[in-house]
Amino acid sequence: CGRGALLLAVLMVATASPVAAEAPASFTAAQAAAGTRAFERYCVACHHATLRGSAHGPPLVGKPFLSRWAGRPSAELTTFIATKMSAGIPASEGDEVFVDLTAYIVQANGAAPGSQPLSASSTRLLGPPDAVPTAADAGDANAKWEGAA
């Protein structure tokens, strides 16, 4: 599978039934663990070990992340990582590394792993739209995340 297959999967998401996008994203503990390893290897220099960001990369947790990504299909984040953030990730890692990174980021934002694996074409949401914290919630952005079941 090449990165072209991932882009094809995104096109399929764009035409998917809106009903399919109602449930929160589901991922397995194994996917999140693989994503953790990939993040530590390829992403930590820009996004920091805490995922709070740096001068070189935006935060991937909390209010800044949730205000951009909450309520969007997980495939959008997977595709964004694959097409915009993949310069340092060798092709030998395969497309699954981007799904694993998405699982890790979702977990880092408070979602719990489940029994259903995340896929590159998943229309499941990255937390419900109400996961975006208000100013009053800014100190505990992760508390509003409703993870996978």
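What you see is a predicted model; the values in this text were computed from it and never measured. (Residues numbered from 1 in each chain as written. Predicted model: local features only at pLDDT ≥ 70, side-chain atom pairs only at ≥ 80, totals over all residues. Heavy atoms only, no water.)

J.: Lay out the layout of surface pockets with the relevant residues and their values.
T.: Taken as a whole, the largest pocket encloses approximately 410 Å³ of empty space. Lining the largest pocket are 25 residues, with His47, Pro58, Leu60, Phe80 and Met85 positioned closest to its centre. Looking at the lining of the largest pocket, the elements that each hand over two or more residues are helix H2 (29-42), helix H3 (44-47), helix H4 (62-69), helix H5 (74-84) and helix H6 (96-108). Tallied by class, the residues present in the lining of the largest pocket amount to 18 nonpolar, five polar and two charged. (1 Å grid on protein atoms, 1.4 Å probe; cavity = no way out; pocket = protein on both sides within 12 Å on 5 of 7 lines; lining within 4 Å. Points joined across faces, edges and corners; volume = space filled by probe spheres on them. Helix = DSSP H or I, 4+ residues; strand = E, 2+ residues; numbered from the N terminus. Nonpolar A, V, L, I, M, F, W, Y, C, P; charged D, E, K, R; others polar.)

J.: Which residues make up the confidence of the model for the protein chain, and what values go with them?
T.: Per-residue confidence for the protein chain gives a mean pLDDT of 79; residues scoring 70 or more make up 70%. Helix H1 (residues 3-14) is the least confidently modelled element of the protein chain, averaging 47 in pLDDT, while H2 averages 98, the highest of any element. Predicted confidence for residues 7-21 stays below pLDDT 50, and this span has 16 contacts to residues more than four positions away or in other chains. With pLDDT under 50 throughout, residues 135-149 is counted as low confidence; its partners more than four residues away or in other chains account for 35 contacts. (pLDDT = per-residue confidence, 0-100. Contact = heavy atoms within 4.5 Å.)

J.: Residue-level account of the pattern of salt bridges, with values.
T.: Under the defined criterion, the tally for this structure stands at one salt bridge. Here Arg72 and Glu76 are joined by a salt bridge, their closest N and O atoms 2.7 Å apart. Overall, Arg72 belongs to the partly exposed group, its relative accessible area being 27%. The class of Glu76 is partly exposed, set by a relative accessible area of 32%. (Salt bridge = Lys/Arg side-chain N within 4 Å of Asp/Glu carboxyl O. Buried < 20%, exposed > 50% of the residue type's maximum accessible area, 1.4 Å probe, protein only.)

J.: How would you explain the nonpolar core if you had to name every residue and give the values?
T.: Ranked by internal contacts, the top residues of the largest apolar core, which has 29 residues, are Phe27, Phe39, Leu51, Phe65, Leu77, Leu101 and Ile105. For this core, the elements supplying multiple residues, two or more each, are H2, H4, H5 and H6. If near-sequence neighbours (up to four positions away) are discounted, Ile105 is found in contact with Leu51, Leu60, Phe65, Leu77 and Ile81. (Core = buried A, V, L, I, M, F, W, Y, C linked by side-chain atoms within 4.5 Å.)

J.: Tell me what's going on with the environment of Asp100, and back it up with residues and numbers.
T.: With respect to the secondary-structure elements, Asp100 resides in helix H6. Spatially, the C-alpha atoms of Asp100 and Ala30 are 8.5 Å apart, while their sequence positions differ by 70 residues. When residues no more than four places from it in sequence are discounted, the contact partners of Asp100 are Gln31, Ala34 and Gly35.

J.: So what's going on with H4? Which residues, and what values?
T.: Two residues of an α-helix separated by three or four positions point the same way, owing to the 3.6 residues in each turn. Of all the positions in H4, only Gly62, Phe65, Leu66 and Trp69 are classed as buried. Projected down its long axis, H4 shows its buried positions confined to an angular sector of 95°, all on one face. On its buried face, H4 sits against H5 and H6. Gly71 lies just past H4 and shows a positive phi near 85°. (Arc of directions from axis to C-beta.)

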